[in-house]
Structure formats: C-alpha cells, structure tokens
Amino acid sequence: MSKNHILVIKHGALGDLVQLTGIFKSIRDFHSDSAITLLTDKKFQTFTKQMPYFNNIWSDYRPHFWDLRGWLQIAKLLRSGKFCRVYDLQSSDRTSVYYFLMSLNRNLEWSGNRLKGKLRYKDPNFSNIPVVTRVIRQVSLAGINKIYDLDISWLHEKSFNLDKVKKPYVILVPGSSVHLKHKRWPAENYGAIAQSLYKKGINSVVIGTEVDKSAISQIKNICKEVIDLSGGSLGLVATLARGAIGAIANDTGPTYILAAAGCPITWILSYHTDPKIVLPMGAKVLPIKKENINDIAVEKVEQDMITK
C-alpha cells in the first residue's frame, strides 16, 4: 500500500506481545511503505522499542473512565496521528471508546470487533479462541494473508556473557502477577528441585523481578548453589533461554520469551489457565496442571521435566 499512517493497538500482556511478533511482522510487510505506530502500555516501552516492526511506539495514558482531562489527552494524541487504518488487536471496552474518538474521520478503516468498523472481525466464540488464531483471522479480513512465525531473534542482552553461567543449567521462573497468588507454585518446591538437580550435575538459574525477591530468597535458602540473575532485562531472559537445557515456570510473561527463544518449558498451572487458549509458542511446552497449584508434587515436575 502507499505511504500512510497505520496504528496498531496492543496494550499487553507481555505474553500476547511475544506471541504476536509474527503478526506484527506481517503487518509491517503488508504496509512496507507506511509509517506504523504501536500504542501499548507504558511498562512495555523498553521491550517494544526493540521490535523492528514499528516506526513509533506510543504510551497509552489509559485514563480512568471518569478522568475527562485524560480522555481529552488521549483523543488529541490519537487524532494527531492522522491514521488511515487501525489494527485493534486489544478489542477491549477501552478501545471501543478509542474507536468512537477516531471515527469522526469517516475514511478511517478499523480492523477489530467494533460494530461499525469497516474491517470488522467478530466471532461468537471469541473468548475461547487462542489469541494468535483470532488475530490471524482478524487481519486476513484486512487483506493480510502472509503470516510469519513468531520471532524474537532481535531480543538479546549484548552486555551479558553467557559463558559466565556453567552448563548445563535450567531456568526457574517462580514469579507471576502479584495479585494472582493462585498462579504461583510454592517457592520451596522450586528450591527442592534446584537442590535435586544440583546433585545430578545440573545448575539452576532463577529469574524474576523485584516483587519476586521473597520467593527467590526462599529458593536460595534451600539451594545455595542457585544462580540468581533476577532483576535483569527481558533481553537477558532471551539470552539465557538460548543456552538453557530447559525451564520450570509459572504462567507469567517471561515464560513466553523462554519458549519463543527455543527453551523447552515445563509449565506449572492452576485452574486459572487454559493451556489450549494461551499455550506458549516456539518450543516444546509440557503443561502440568491441578485445580490447586499447591497440589502439584515436586517429584512429578522433576520426573516429567522436558529438556533439549
């Protein structure tokens, strides 16, 4: 298509952004002569700015519904882009408002589930369709039929020397959203597996953020030989994944990066997650699921763990 301004909306979560990298590449390829802007959550700015698919990355203010000033700001921002086409990959109540704010431009082509969008995609079984599958169907209605596989080859940590980590090693991901405790396998279980693997000559590298410090401390108290690389960038996660023989992980964003980088995942789940809908793509993934995540035995996970 000719030189135009294109907007892609995807606030998150991190796992979705990773899974959709192939779609982003497809949009970039289809609009090769266009300026493409991604509107996303501000916490994903550093990550998305590394993607080679966008000319601009905009942070969404995401104002509360009663924040009139905030809505005026986002309306001004959206209209300033003079977009001719929008790919709404979020399809939320919030983006419905964005459609209303931008639809005064009658020439705007909106790809999403909005009722009067020119490129509307709406499946009655929408919420039960895997994210990538429904987005592929959505963009196909806009003429994009060449779909690339997900690709995070551009994501790495240049300053980290992987030779510093003694091989073989596995990656432990004991964290997840702070407010979703039912998605966290007990830290002492990770510690027990790390200790058992160490006795077998396999090292363990633990990753996470500041909110995971307590869990990581418990793991290190059980197995002092654990290598703590928490607090690192998502690029570091991808770099570590490429050298690991496998990973044991909760349902959390970095798990999707590990899989996308080719690291086999033993994936620990509670009732909250349906692996058929949100299965990480890229590497072999073995879901181990119980209604109560605390009922998943250490012995079961270690026995079934998959590696390269």
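Presented here is a report on the structure given in the accompanying data block.

What counts, and where the lines are drawn
Along each chain, residue indices are assigned from 1 in the same order as the chain's sequence is written. Local features are withheld for residues below a pLDDT of 70 in this predicted model, meaning they are given only at 70 or higher, and side-chain atom pairs are given and counted only at 80 or more; totals for whole chains, interfaces and linings count all residues. Side-chain metrics rest on all non-hydrogen atoms present in the structure, leaving aside hydrogens and water. Working definition: rings of Phe, Tyr and Trp (its six-membered ring) pair if their centres are within 6.5 Å, and the pair is stacked with planes under 30 degrees apart, edge-to-face with planes over 60 apart, and tilted otherwise. Where helices and strands are cited, they refer to DSSP runs of H or I of at least four residues and of E of at least two residues respectively, numbered from the N terminus. Remark: a charge is flagged as sitting over a ring if the NZ atom of Lys or the CZ atom of Arg is within 6 Å of the ring centre and within 35 degrees of the ring normal. Here a strand pair is declared whenever DSSP counts at least two bridges between the two strands. Every residue pair with non-hydrogen atoms within 4.5 Å of one another is taken to be in contact. Geometry is summarised by axes, namely lines fitted to C-alpha atoms with helices restricted to the contacting stretch, and by angles between N-to-C directions that run from 0 to 180 degrees. A cavity here means a set of points on a 1 Å grid, drawn over the protein atoms and nothing else, where a 1.4 Å probe fits but cannot get out; a pocket is an open set with protein on both sides within 12 Å along at least five of seven lines, and a residue lines either one if it has an atom within 4 Å of a point. Grid points are joined across faces, edges and corners, and a volume is the space filled by probe spheres set on the points. Note on residue categories: nonpolar means Ala, Val, Leu, Ile, Met, Phe, Trp, Tyr, Cys or Pro, charged means Asp, Glu, Lys or Arg, and polar means any other residue, Gly included. For every residue, the accessible area (1.4 Å probe, protein chains only) is compared with the maximum for its type, and the residue is labelled buried under 20%, exposed over 50%, or partly exposed between those bounds. Look down the strands so they point away from you; if the path from the first strand over the helix to the second goes clockwise, the crossover is right-handed. Within 3.5 Å is the distance limit for a polar contact, defined as a pair of N or O atoms, with the added protein rule that one can donate a hydrogen and the other accept it, and that residues adjacent in sequence qualify only through two side-chain atoms.

Some remarks on the packing of aromatic side chains
- Applying the stated criterion across every chain, the model contains nine aromatic pairs.
- Arranged with centres 5.6 Å apart and planes meeting at 65°, the rings of W58 and F83 form a pair that is edge-to-face. Of this pair, W58 sits in strand β3 (residues 56-59) while F83 sits in the loop between α4 (68-80) and β4 (85-88), and the two are 25 residues apart along the sequence.
- An aromatic cluster of at least three residues, connected via ring pairs, comprises F24, Y53 and F54.
- In this structure, K25 is placed above the aromatic ring of Y148, and the distance from its NZ or CZ to the ring centre is 4.6 Å.
- Over the ring of F65 we find R94; its NZ or CZ atom is 5.6 Å from the centre of that ring.

Here's the deal with the sheet that holds strand β7 (residues 169-173)
- Judged by pairing direction, the sheet is parallel, and its six strands sit side by side in the order β9-β8-β7-β10-β11-β12 without closing on themselves. Each edge of the open sheet carries a strand with a single partner, namely β9 (227-228) and β12 (285-289).
- Alignment of strand β8 (residues 203-206) against β9, held across two bridges, turns out to be parallel. Along β9, the bridge assignment pairs V205 with I227.
- Together, β7, β8, β10 (246-249) and β11 (265-269) form the strand contacts of helix α7 (residues 187-199), whose direction differs from that of β7 by roughly 175°.
- Contacting β7, β10, β11 and β12, helix α10 (residues 253-260) crosses the sheet at an angle of about 155° to β11.

A few points about the sheet that holds β3
- Here six strands make up an open sheet; going across it, the order is β3-β2-β1-β4-β5-β6 and the pairing parallel. Only two strands of the sheet have a single neighbouring strand rather than two, namely β3 and β6 (119-120).
- Inspection of the sheet shows β4 paired to strand β5 (residues 109-112) by three bridges, in the parallel sense. Of the residues in β5, the one forming a bridge with R85 is E109.
- Contacts from helix α2 (residues 21-30) reach β1 (5-9), β2 (35-40) and β4 within the one sheet, and its direction differs from that of β4 by about 170°.
- Sitting on the sheet, helix α5 (residues 93-102) touches β1, β2, β4 and β5, and the angle it makes with β5 is about 170°.

Looking at empty space enclosed by the protein
- Scanning the entire structure with this criterion turns up one cavity of 30 Å³ or more.
- Approximately 30 Å³ is the volume attributed to the largest cavity.
- Considering the residues around the largest cavity, the lining is formed by K10, L89, Q90, S91, F126, R134, V135 and Q138.

Some details on the layout of surface pockets
- Approximately 1400 Å³ is the volume attributed to the largest pocket.
- In terms of lining, the largest pocket is formed by 50 residues, of which the most central are A13, L14, G15, T252 and G253.
- Taken together, the elements giving at least two residues each to the lining of the largest pocket come down to α1 (14-19), α3 (45-48), α6 (131-140), α9 (234-243), α10 and α11 (275-278).
- Top contributing element to the lining of the largest pocket by residue count: α9, with five residues.
- Here the residues of the lining of the largest pocket are counted per class, giving 22 nonpolar, 21 polar and seven charged.

Structural notes on the pairing of β11
- β11 sits mainly inside the fold: five of its five residues count as buried.
- Side chains of β11 alternate between two faces, with I265, W267 and L269 and T266 and I268 buried alike.
- What joins β10 to β11 is α10, and the crossover it makes is right-handed.
- Relative to β12, β11 runs parallel, the two being bridged by five bridges. When the sheet's bridge partners are listed, I268 is paired in β12 with I288.

Let's talk about α9
- With respect to burial, α9 is a largely interior element, eight of its ten residues being buried.
- Burial in α9 covers these residues: G235, L236, V237, A238, T239, L240, A241 and G243.
- In this fold, the buried residues of α9 make contact with β7, β8 and α10.
- For α9, the N-terminal cap is S233; the gap from its side-chain oxygen to the backbone nitrogen of G235 is 3.3 Å.

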